[in-house]
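Chain by chain, the residues run as shown.
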Amino acid sequence: MPLATVYLTIMPNQMIATIFDGLTRGMLYVLLALGLNIILGLMGVINFAHGAFFALGAYITFTLSQRLGLFPAIIAAALCMAVLGMIMESTFIRRLYSRPPEHVLMFTFGAFLIIVQIIRKIWGDTPQPLSPTGFLAGSINLGFSQYPTFRLLVVALTVLVLIIVYLILVRTNLGLTIRAGTRDSEMVSILGINMPLTFTIVFGLGSLLGGLAGGLEAPLYNIDPNMGATYIIIAFLVVIVGGIGSFWGAVVGGLIIGLLQELTVQLIPGGSSAEDIVPFAFMLLILLVRPRGLFGAEGLFD
Amino acid sequence: MSVIFRTEGLSKYFDSLKAVDGVDFAVEEGTIHAIIGPNGAGKTTFFNMLTGNFAPTAGKIIFRDEDITGLPPHIITRKGIGRSFQISNIFGGLSVYENVRVAVQATYGDAPGILVRPKWLDEVDEKAQEIIERVGLTQFSRVQAATLSHGDEKRLEIGLVIAANPTLLLFDEPTAGMSLDESHQTMDMLQDLAKRHTIVLIEHDMDLVMSLSKQITVLQNGRKIAEGSPAEIRGNALVQQAYLGTAI
Amino acid sequence: MFLEARELNTYYGKSHVLQDVSVDVDRGEVVALIGRNGSGRSTTLKTIAGVTPPKRGSVTLDGRDITGMKPYTIARQGVAYVPEERRIFPNLTVLENLKLATLAGRKGRWDYKKVFAFFPRLDERKTNAGKSLSGGEQQMLTIARALIQNPDIILLDEPLEGLAPVVAQAIQKAIMEMKAEGMTMLLVEQNARVALAVSDRAHVLSDGRIVASGTSAQLRDDQELVQRYLSV
Amino acid sequence: MATSALSAHRRSSWNGLVPLAAWAIVLVLLPWFMQHVLKSNVALATNMLIFGIAALGFNLLYGHTGELSFGHAAFIGLAGYFAAYQILNHGWTWWPALGLAFAATMLFAFILARVIVPRSTGIYFSMLMLAVGQVLLFIGERWNAVTGGDDGLQGIPRPTYILPGSPLNMNNELHFYVLVAVIAWLATLFMWRVVHSPFGAVCHAIRENKQRAEFLGYNVTRYKINAFVLSATLPAIAGVLLGYYDGAVNPGEMNWTESGDIVMMTLLGGAPTFWGPILGAGLFKFMQQYVSNYTQFWEGYIGIVFVGFVLFAPQGIWGLAEAWWRNMRAGRASKTAGAPEASAENAS
């Protein structure tokens, strides 16, 4: 990438800042896609409602931040989404596991529409600005430039959450159950483990990640009721690029797509008009080389 | 009598497991040939290679002097090999009539006939009707296939197989899960089919195997351990051992 | 009787696979189900384990009715099921495979130490992924997985299938040792000689029905029965 | 009894005449019904038909062949853009614009089918089609010079005459309705032929049991590719009509939520049936108009209805009606004759 080299030599600070911006954006994708991917991997459910949870997480953060302050509001909103996800799974989605897979897909699409309309009804159509307050409003000198504190928080918090999720998957009994259940959930059940409960918990965990992504997105960009529709598509792309059911797939896929978008916007003249296309182009490239995605296991797709 | 179908050293390995291992097998035209063997002997894997579901790891499949190894299922079907499945494999949402008609239609190639009703469609209708009669489902022809009884489902399955007018019929446990009555009816039907087709069948019902088949091939752990007439197989010590096991 | 399965009727779709099958197993007893392929032996185990619930009939365990319960509830009641296809988790290590089986939380004599003493081979391979195990090792793992659940009864489906003779011998020995430990088992095995050698009693199945029952010694000597239902 | 199935089938090829004639009558009566019974207007009827055409095409792939596309709105939008571009920039008239838009969209569908169908199935196919739709959406939004960006292409004039010497003036809503209704009827006739042709029979077989269809000797992938291409025909025509109807095309028409609307219409009406998509599209568009008079959150209410159908009646309204009708007949038949004739006339 000669253009990037030019930038790196002429404006190293600019380049590093762009990379940081790309990472911040990518972190949101990672959170969102990881939530989607855990659910897809374990239960085979493509969850359109995830995009609505993302938007709802952003709006709840927006409202709560006026009373609780931004950071507690983000956490509280994410927890709300976890509860909502668990309720949705245990009351409705559970009934559809025995049906053709497209029925769950359609159900979550309907749920998506309903939640988006509820958001419109409560908060209206106008995009809401939400600025970081208190110490989060400032910036920190990173040596190459001043960098907004909140963006650093996004990176730090996401990394922390990823470590926690990773530890849950690798170290805990729940994680063991999830990893086993992704391959053969009936056998896990034969070993005496309550799989319906596990499904509900995992749906909650996935929704929590979606809500958290929404809460973190809110102060970075404007929020509007349709934000979920755009982001859910990118999350799908991340999942396809990274590989269904893969933790590292979501992480690497999300970061690459975030970085690519930011680099396109900032480094290529007129690149902002290609911003939305870049992830798709990248997906096509990956699918040509690795049809199951970067970390995809064989046989999980069909 | 001439050999119509044979395999040479047919093998299928899954990682370290030798599911089918170097099987030589030959079927004479116009006979019923049974494949038997204990669980895990590799019978169904063997069938899956014959019909193109699995590509063999090694070996050849020869049908009427033509090497058909590795061809996809729909091509093998068109060459004249039909197969019925262990678990009923029909079009549940379609009527019995529609099931058989789409099977007969397959022998008329891929002509779509979307805008003009092709002339041969009348012929398809007549043949479908004839086959439904042959398998004894005439009174159910407008019934949704999924609502048939188990025995009738199996008849329909056989109807789908013979619709293509195949030279060679492969049957995978045609009497599995049937009542005694239904089994006997199926036996009669197989005997009737044998007048026009060559039949290879996998079956666990020994009465049926012994009374119907001319030749029996016994597989164990993927290998052929015996072959011969029913009487020869009955008297074969290796076969007895395969079925009863040995103290180990 | 400890386990009582009464007049089980199970269907696969429309196929009537079990027709009034009744099986009893007493504490400390090993009972074998024998018969040809497709006679309904494996389905009997699956039905008791709750994997294919019966349409009619009942299963009681120590007097408690467990009919129609979910597989995980039945497992927690003390029934361990070792499926024919083994179904170990290829992406988990041996240790993780075993740990998963302890999560239901039944306590008892079987812990990692005892299981590894029982199958030293698994101890050597405990950090290896399930997919890297040989067929025999996988079979050991499925049995170990059942033991560490500390069940009251183990349902063993075709434990010797597809194993080389030496390996099969080792598994058979393990089953004998489990029996000596007082483990209650319901066993399905293709190899009738082994099944009848290992078990106290046996039921013979044919076409989804029980056609003969008796002590294993009796059945072993009944040549006509063997010829009729087991042999070619 | 011996020949009943044969004669019944011979009859069924004539059977088409009755429903298609009934459908023609419905089309004739619809404007009057809309105005005087529903107190609505003719334009809404036109809109219903346009989406009915699109959903009918979509359903060849979903309801009849068994693959769910979440990107069929892309064909509507694409055809709309092709036509609008030529009309606005090169002054093309109705027939050439329709012809070019149709041909170009079909070419696109053909290439897409060759790429996507052999590589994916099930929910993975749904996701890839969704992605394809989004790519077109973004191109539409960004390629200002050609697509007009977010605003789309505006000011498409309705054709003033379609046939030389015809008295129709498309600026009159009723006249435009007549044009759309004629096309809708022809589109229905075409799809009826497809679904009830030998090709359609294979599609049904693939939907019911792919593996079995393959063992009968059918090249399943090729049939699915053909079904995919045919399923794009009617959305392409609907796209051109929609451009004339709205007087504009905009990128939002290709958004995945629009594709979702087509899925909803089809499922509401009844995906496994022939007439379901048309009924569903009509209902959907009517609800959209009617509910939006009372609340701007109409999508939420339609969503609730849709979710209810997914959960409790996935066979849709037409499917429910068919089942009810079948039970009625079976009940009557068993009273009179006791013959087992619970008919399963599919996709009728």
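Cut-offs applied
Residues numbered from 1 in each chain as written. Chains lettered and ligands numbered in written order. Predicted model: local features only at pLDDT ≥ 70, side-chain atom pairs only at ≥ 80, totals over all residues. Heavy atoms only, no water. Contact = heavy atoms within 4.5 Å. Buried area = accessible area lost by both parts, 1.4 Å probe. Salt bridge = Lys/Arg side-chain N within 4 Å of Asp/Glu carboxyl O. Helix = DSSP H or I, 4+ residues; strand = E, 2+ residues; numbered from the N terminus. Buried < 20%, exposed > 50% of the residue type's maximum accessible area, 1.4 Å probe, protein only. Axes fitted to C-alpha atoms, helices over the stretch in contact; angles between N-to-C directions. Left-handed = near helix turned anticlockwise from the far one by under 90°. Nonpolar A, V, L, I, M, F, W, Y, C, P; charged D, E, K, R; others polar. 1 Å grid on protein atoms, 1.4 Å probe; cavity = no way out; pocket = protein on both sides within 12 Å on 5 of 7 lines; lining within 4 Å. Points joined across faces, edges and corners; volume = space filled by probe spheres on them. Parallel < 35°, antiparallel > 145°, perpendicular 65-115°, else oblique.

J.: Account for the arrangement of the chains, with residues named and values stated.
T.: The pair of protein chains exhibiting the most contacts, out of four pairs of chains in contact, is chains B and D. Where chain C comes nearest to chain D, the C-alpha atoms are still 16 Å apart, and the two do not contact one another.

J.: Pulling in residues and values, what's your account of the interface of chain C and chain B?
T.: With 26 residues of chain C at the contact, the number on the chain B side is 29 residues. Carbon and sulfur atoms supply 49% of the area buried between chain C and chain B, which totals about 2,300 Å² over both sides. On the surface where chain C and chain B come into contact, there are one salt bridge. A salt bridge links C:Arg228 to B:Asp207; the shortest N-O distance between them is 3.9 Å.

J.: Can you tell me about the environment of D:Ile317, naming the residues and giving the values?
T.: Residue and element names in this part refer to chain D. Along the chain, Ile317 falls in helix α15 (residues 316–336). Residue classification places Ile317 among the partly exposed residues on the basis of a relative accessible area of 30%. Apart from residues lying up to four places away in sequence, Ile317 is in contact with Leu268, Gly269, Gly270, Leu279, Leu283 and Phe309.

J.: Requested: an account of the packing of helix α4 (residues 70–91) of chain A against helix α8 (residues 195–217) of chain A, with residues and values cited.
T.: Residues and elements named next belong to chain A. Where α4 meets α8, the axes come as close as 7 Å, and the angle between the chain directions of the two elements is 145°. Classified by chirality, the crossing of α8 by α4 is right-handed. Seen from α4, the contacting residues are Ile74, Ala78, Leu79, Met81, Ala82, Gly85, Met86, Met88, Glu89 and Ser90; seen from α8, they are Phe199, Thr200, Ile201, Phe203, Gly204, Ser207, Leu208, Gly211, Leu212, Gly215 and Leu216. Here the contact of α4 with α8 is built from residues that sort into 13 nonpolar, seven polar and one charged.

J.: Requested: an account of the pattern of salt bridges, with residues and values cited.
T.: Residue and element names in this part refer to chain B. Inspection of the entire model under this criterion finds 39 salt bridges over all chains. Lys214 is paired through a salt bridge with Glu28; the nearest N and O atoms lie 3.3 Å apart. Of this pair, Lys214 sits in the loop between α7 (206–212) and β9 (215–220) while Glu28 sits in strand β2 (residues 17–28), and the two are 186 residues apart along the sequence. A relative accessible area of 30% means that Glu28 is categorised as partly exposed. Ionic pairing is found between Asp172 and Arg83, a salt bridge with its closest N-O pair at 3.8 Å. Of this pair, Asp172 sits in strand β7 (residues 168–172) while Arg83 sits in strand β6 (residues 81–84), and the two are 89 residues apart along the sequence.

J.: Lay out empty space enclosed by the protein in plain terms, naming residues and giving numbers.
T.: One pass over the structure, following the stated rule, counts ten cavities of 30 Å³ or more. Computed from the structure, the largest cavity encloses a volume of approximately 60 Å³. If you trace the largest cavity, you find it lined by B:Thr77, B:Ile81, B:Gly82, B:Arg83, B:Ala103, B:Leu160, B:Val161, B:Ala164, D:Arg212, D:Phe215 and D:Leu216. For the lining of the largest cavity, the leading source of residues is β6(B), giving three residues. Residue composition of the lining of the largest cavity, grouped by class: seven nonpolar, two polar and two charged.

J.: How would you sum up the packing of helix α3 (residues 42–64) of chain D against helix α13 (residues 276–294) of chain D? Please name residues and give values.
T.: Residues and elements named next belong to chain D. Following both chains from N to C, one finds α3 and α13 inclined at 140°, their axes separated by 7 Å at the closest point. Between α3 and α13, the crossing angle belongs to the class labelled oblique. For the pair α3 and α13, the crossing hand works out as right-handed. Two secondary-structure elements touch here, α3 through Leu44, Asn47, Met48, Phe51, Gly52, Ala55, Leu56 and Asn59 and α13 through Pro277, Ile278, Ala281, Gly282, Lys285, Phe286 and Gln289. Of the residues contributing to the contact of α3 with α13, the split by class is nine nonpolar, five polar and one charged.

J.: Run through unusual backbone geometry, naming residues and quoting values.
T.: Although it is not a glycine, B:Asn165 adopts a positive phi angle of roughly 50°. Take B:Asn165: it is sitting in the loop between α5 (150–163) and β7. Residue C:Arg86 is not a glycine yet carries a positive backbone phi of 70°. Within the secondary structure, C:Arg86 is located in the loop between β6 (79–82) and α3 (94–102). Here C:Arg86 falls in the buried class, since its relative accessible area comes to 14%.

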